[in-house]
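Chains, contacts and geometry: an overview
This is what each chain is made of:
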Amino acid sequence: MGAALAEATSKAFNIYRNETGQIILDPVKAVPEPEAWLFKNKKALSAVLTGIKESAKGETHDLGSFAKFAE
């Protein structure tokens, strides 16, 4: 990797060429298509992030087995 990217944290880039011929690397983070909906649904994303924070603090509740819902 060249010196310009030595400290880059992103591993994926969109590549553009501007009107003067310069190549522009725009860092991106890829999201799997089946998960993209979550980032578009603010209410659902907020609920997931709240659950993650609660779990990290040990604020969990055992709801028993969900085996009857599995196929």
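Throughout what follows, the structure given in this document is the object of discussion. What you are looking at is a predicted structure, and each value in this text was computed from that prediction instead of being measured.

Overview of the pairing of strand β2 (residues 23-28)
Two strands pair when backbone bridges link them, and strand β1 (residues 12-17) and β2 are joined in this way by six bridges, in the antiparallel orientation. Bridge pairing in β2 links N14 to D26.

Details of helix α2 (residues 42-56)
Helix length check: α2, at 15 residues, gives a terminal C-alpha distance of 21 Å against a target of 21 Å (1.5 Å per residue), a fit within 8%. The opening residue of α2, the one whose side-chain oxygen lies 3.2 Å from the backbone nitrogen of K43, is N41. G58 sits one or two residues past α2 and shows a positive phi near 80°.

So, the packing of aromatic side chains
A ring pair, where both rings are aromatic, is described by two values, the distance of the centres and the angle of the planes. Under the definition given, this model contains one aromatic pair. With 5.9 Å between their ring centres and 40° between their planes, F66 and F69 make a pair best called tilted.

Overview of the environment of T9
Mapped onto the fold, T9 is located in the segment before β1. C-alpha separation for the pair T9 and V31, spaced 22 residues apart in sequence, amounts to 16 Å.

With respect to the environment of T60
Along the chain, T60 falls in the segment after α2. Here T60 falls in the exposed class, since its relative accessible area comes to 53%. Spatially, the C-alpha atom of T60 lies 14 Å from that of A47, the residues being 13 residues apart in sequence.

Looking at a nonpolar patch on the surface
Together, I15, I23 and L25 give the surface a local cluster of nonpolar side chains, amounting to about 300 Å² of exposed area. Looking at where L25 falls in the secondary structure, it is placed in strand β2. On the accessibility criterion, L25 (37% relative accessible area) is partly exposed.

The rules behind these values
Residues numbered from 1 in each chain as written. Predicted model: local features only at pLDDT ≥ 70, side-chain atom pairs only at ≥ 80, totals over all residues. Heavy atoms only, no water. Pairing = 2+ DSSP bridges. Helix = DSSP H or I, 4+ residues; strand = E, 2+ residues; numbered from the N terminus. Expected span 1.5 Å × (residues − 1). Polar contact = N/O pair within 3.5 Å; in protein donor to acceptor, adjacent residues only side chain to side chain. Phe/Tyr/Trp six-rings, centres within 6.5 Å; stacked < 30°, edge-to-face > 60°. Buried < 20%, exposed > 50% of the residue type's maximum accessible area, 1.4 Å probe, protein only. Patch = residues over 30% accessible without salt bridge, like charges linked within 9 Å, V, L, I, M, F, W, Y side chains within 5 Å. Areas by Shrake-Rupley, 256 points an atom, 1.4 Å probe, with all protein chains shown as cover. Salt bridge = Lys/Arg side-chain N within 4 Å of Asp/Glu carboxyl O.

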